Amino acid sequence: MKWTRHTAEQIIAKLRQADADLASGASIEQVSKKLGISAQTFFRWRSQYGGLKAEEMKRLKELEKENNR
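Rules behind the numbers
Residues numbered from 1 in each chain as written. Predicted model: local features only at pLDDT ≥ 70, side-chain atom pairs only at ≥ 80, totals over all residues. Heavy atoms only, no water. Helix = DSSP H or I, 4+ residues; strand = E, 2+ residues; numbered from the N terminus. Buried < 20%, exposed > 50% of the residue type's maximum accessible area, 1.4 Å probe, protein only. Contact = heavy atoms within 4.5 Å. Areas by Shrake-Rupley, 256 points an atom, 1.4 Å probe, with all protein chains shown as cover. Lys, Arg positive; Asp, Glu negative; His and termini not counted. Charge placed at Lys NZ, Arg CZ, Asp CG, Glu CD. Patch = residues over 30% accessible without salt bridge, like charges linked within 9 Å, V, L, I, M, F, W, Y side chains within 5 Å. Salt bridge = Lys/Arg side-chain N within 4 Å of Asp/Glu carboxyl O. Core = buried A, V, L, I, M, F, W, Y, C linked by side-chain atoms within 4.5 Å.

K.L.:
How should I be thinking about the overall build of the protein chain in this particular structure?
P.N.:
Looking only at helices and strands, the protein chain features 4 helices and 0 strands. Its helices and strands taken in sequence order, the protein chain reads α-α-α-α from the N to the C terminus. Counting only C-alpha atoms, the protein chain reaches 45 × 25 × 15 Å along its principal axes. Counting only residues that meet the buried cut, the protein chain has 23% of its 69 residues in that class. Partitioning the contacts of the protein chain with sequence separation of at least 6, the portion at a separation of at least 24 is 54%. When the accessible surface of the protein chain is split by element, carbon and sulfur atoms take 49% of a total near 5,300 Å². Between the averaged position of the 14 positive side-chain charges in the protein chain and that of its 9 negative side-chain charges there is a distance of 5 Å.

K.L.:
I tried to follow a positive patch on the surface on my own but got confused; where do I start?
P.N.:
On the surface, a cluster of positive charge is made up of Arg5, Lys61, Lys65 and Arg69. Position of arginine 5 relative to the elements: it lies in the segment before α1 (8-23). Taking the relative accessible area as the measure of exposure, arginine 5 reaches 69% and is therefore exposed.

K.L.:
I would appreciate a short explanation of the environment of lysine 61 in the present structure.
P.N.:
By the secondary structure assignment, lysine 61 is in helix α4 (residues 54-68). As for lysine 61 and arginine 44, which are separated by 17 residues in sequence, their C-alpha atoms are 18 Å apart. When neighbours within four sequence positions are excluded, lysine 61 is seen to be in contact with Ala8 and Tyr49.

K.L.:
What exactly am I supposed to notice about the nonpolar core here?
P.N.:
For soluble globular proteins, the rule of thumb is that nonpolar side chains tend to be buried together. By size, the foremost hydrophobic cluster in this structure holds 13 residues, and its most contacted members are Leu15, Phe42, Trp45 and Tyr49. Counting residues per element, the ones that place at least two in this core are α1, α2 (28-35) and α3 (39-49). Contacts of leucine 15, omitting those with residues within four sequence positions, involve Phe42, Trp45, Arg46, Tyr49 and Gly50.

K.L.:
What is the right way to look at the pattern of salt bridges in this model?
P.N.:
Between side chains of opposite charge, pairing is possible as soon as their charged atoms come close. In this structure the tally under the stated criterion is 2 salt bridges. Residues glutamate 62 and arginine 59 are paired through a salt bridge, measuring 3.6 Å at the closest nitrogen-oxygen approach. You can see glutamate 62 and its partner arginine 59 sitting in helix α4, 3 residues apart, about one turn around the helix.

Spelled out as structure tokens, the structure:
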């Protein structure tokens, strides 16, 4: 698979799409192939960003930048 970097907003959007596909009966392998990611990446994203919304993710990134300073 081609290596690309996704933004947090893209990840959250892809996870929402994946949830919809999984609810319709698709397998993890089918969903990850459709999204262009590996199954391992899907599970890692799900554990990191699973319950977040885009606004919450932006706020989290701002706090991380502030803490780094």
